[in-house]
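For reference, the chains in residue letters:
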Amino acid sequence: DSGVTQTPKHLITATGQRVTLRCSPRSGDLSVYWYQQSLDQGLQFLIQYYNGEERAKGNILERFSAQQFPDLHSELNLSSLELGDSALYFCASSDRQRGDYEQFFGPGTRLTVL
Amino acid sequence: GIQVEQSPPDLILQEGANSTLRCNFSDSVNNLQWFHQNPWGQLINLFYIPSGTKQNGRLSATTVATERYSLLYISSSQTTDSGVYFCAVILFSGSARQLTFGSGTQLTVLP
């Protein structure tokens, strides 16, 4: 168990809908990262937050947004869903104060868009 | 951006065999991690190894940062070692600390 939790584990929805994925980092970790794993694109970085502030963006679509709350949990919002958004979405966290950036991953949320 | 290449893409072994997985990266990196993705999709940390050599049981890893590659050794493989092995690197850029992943090595260990 990495200490990173994600809910829900599975999500099935229809095209055009909106969903919210939730992540709680390891205790004390201030950085949260979101990644998408799809069959055709592999594991890709979406967005990074540090203590509530956005720090870096990757290949994140405009239909997707995220935020990190004062209690450090994070949510990834996916809207106007398309079939191609079906993927495994991972959240990871790291602790800069340890002096490294080793990332630990949650179990993922498997999103299926029908 | 930085490129990460893993080889071989697929590997089939008999239980008890040894193997070496390779990760090449296109630029100097600040961090490097190896992960095992099990059949249930979970990403499990194996090593955090920006340079040098580390060992954990039957697994060991070596990163030669100056030559831009890392190796993961699996000895006396077991069926539970099956899954996909990913190498991922971080190149610090401003405040960005994201991992860039290779495409993975799919390992199948046969009983």
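First things first, this report covers the structure right here in the doc. Sequence order as written defines residue numbering, which begins from 1 separately in each chain. Lettering of chains starts at A and numbering of ligands starts at 1, both following the order in which they are written. Thresholds applied to this predicted model are a pLDDT of at least 70 for local features of residues and 80 or more for the giving and counting of side-chain atom pairs; totals over whole chains, interfaces and linings are not thresholded and use all residues. With hydrogens and water set aside, each side-chain value is computed from the structure's full complement of heavy atoms.

### A short note on the overall build of chain A
- Numbering of helices and strands runs from the N terminus, with a helix taken as a DSSP run of H or I at least four residues long and a strand as a DSSP run of E at least two residues long. Of regular secondary structure, chain A possesses zero helices and 11 strands.
- Seen in sequence order, chain A has helices and strands lined up from the N terminus as β-β-β-β-β-β-β-β-β-β-β.
- Its C-alpha radius of gyration of 13 Å places chain A within 12% of the 13 Å reference for a compact globule of 114 residues.
- Seen along its three principal axes, the alpha-carbon backbone of chain A occupies a region of about 40 × 25 × 25 Å.
- Relative to its full complement of 114 residues, chain A shows a buried share of 54%.
- By the convention used here, residues are in contact when the closest approach between their heavy atoms is within 4.5 Å. Here the contacts in chain A between residues at least 6 apart in sequence split such that 54% fall between residues at least 24 apart.
- To be clear on the numbers: accessible area is Shrake-Rupley with a 1.4 Å probe, and residue cover counts the displayed protein chains and nothing else. Accessible area for chain A stands at about 5400 Å²; split by element, carbon and sulfur atoms hold 45% of it.
- Only four residue types enter the tally: Lys and Arg on the positive side, Asp and Glu on the negative side; His and the chain ends are excluded. A charged residue contributes its charge at one atom only: NZ of Lys, CZ of Arg, CG of Asp or CD of Glu. One way to put it: in chain A the 10 positive side-chain charges average out to a point 2 Å from where the 13 negative ones average out. A radius of gyration in this sense is built from C-alpha atoms; the matching globule rule multiplies 2.2 Å by the number of residues raised to 0.38. Using a 1.4 Å probe on the protein chains alone, a residue whose accessible area is under 20% of its type maximum counts as buried, one over 50% counts as exposed, and one in between counts as partly exposed.

### Describing the state of the cysteines
- Two cysteine sulfurs form a disulfide in these notes if their separation is within 2.5 Å. Inspection of every chain in the model, using the stated rule, returns two disulfides over all chains.
- One disulfide bridge connects Cys23 of chain A with Cys91 of chain A, the sulfur atoms lying 1.8 Å from each other. Residues Cys23 of chain A and Cys91 of chain A are joined through a disulfide that is left-handed, its torsion about the S-S bond being -50°. Here Cys23 of chain A is found in strand S3 (residues 19-24), whereas its partner Cys91 of chain A is found in strand S9 (residues 87-94), with 68 residues between them in sequence.
- The class for Cys23 of chain A is buried, based on a relative accessible area of 0%.
- What pairs with Cys23 of chain B in a disulfide is Cys87 of chain B, and their sulfur atoms sit 2.0 Å apart. Every disulfide takes its handedness from the sign of the S-S torsion; for Cys23 of chain B and Cys87 of chain B that torsion is -55°, giving left-handed. With a gap of 64 residues between them, Cys23 of chain B in strand S3 (residues 19-25) and Cys87 of chain B in strand S9 (residues 83-90) connect regions that are remote in the sequence.

### A short note on the side chain of Asp29 of chain A
Residue and element names in this part refer to chain A.
- Among the structural elements, Asp29 can be located in the loop between S3 and strand S4 (31-38).
- Classification of Asp29 by relative accessible area gives buried; the value is 2%.
- A polar side-chain atom of Asp29 sits 2.9 Å from a polar atom in the side chain of Arg26.
- Polar contact criterion, stated in full: a pair of N or O atoms within 3.5 Å, where within protein one must be able to donate a hydrogen and the other to accept it, and residues adjacent in sequence count only if both atoms are side-chain atoms. Only 2.8 Å separates the side chain of Asp29 from the side chain of Ser93, close enough to count as a polar contact.

### Topic: the pairing of strand S5 (residues 42-50) of chain A
All names here are of chain A.
- The buried count for S5 comes to seven of nine residues, which makes it a mostly enclosed element.
- A pair of strands counts as paired when DSSP detects no fewer than two bridges linking them. Direction of pairing for S4 relative to S5: antiparallel, over a ladder of eight bridges. For Ser38, the partnering residue across the bridge sits in S5 and is Gly42.
- Remark: three residues form the turn of the hairpin made by S4 and S5, two consecutive strands paired antiparallel.
- Taken together, S5 and the strand that follows it, strand S6 (residues 53-57), pair antiparallel across an intervening segment of two residues, in which Asn51 is found at a positive phi of about 50°.

### Considering the pattern of salt bridges
- Counted as salt bridges are all cases of a side-chain nitrogen of Lys or Arg within 4 Å of a carboxyl oxygen of Asp or Glu. All told, the structure shown has five salt bridges over all chains when counted by the stated rule.
- For Arg22 of chain A, the salt bridge goes to Glu75 of chain A, with nearest N and O atoms at 3.9 Å. A residue pair is termed long-range when its members are at least 10 positions apart, and Arg22 of chain A in strand S3 and Glu75 of chain A in strand S8 (residues 74-78) qualify at 53 residues.
- Overall, the relative accessible area of 34% leaves Arg22 of chain A in the partly exposed class.
- Asp81 of chain B is the salt-bridge partner of Arg58 of chain B, the closest N and O atoms lying 2.9 Å from each other. In this pair, Arg58 of chain B is assigned in the loop between strand S6 (52-56) and strand S7 (59-64) and Asp81 of chain B in the loop between strand S8 (69-74) and S9, connecting sequence segments 23 residues apart.
- Overall, the relative accessible area of 25% leaves Arg58 of chain B in the partly exposed class.
- Relative accessible area serves as the criterion here: at 7%, Asp81 of chain B is assigned to the buried category.
- Here the salt bridges do not stand alone but share partners, grouping Arg63, Glu82 and Asp85 of chain A into one network.

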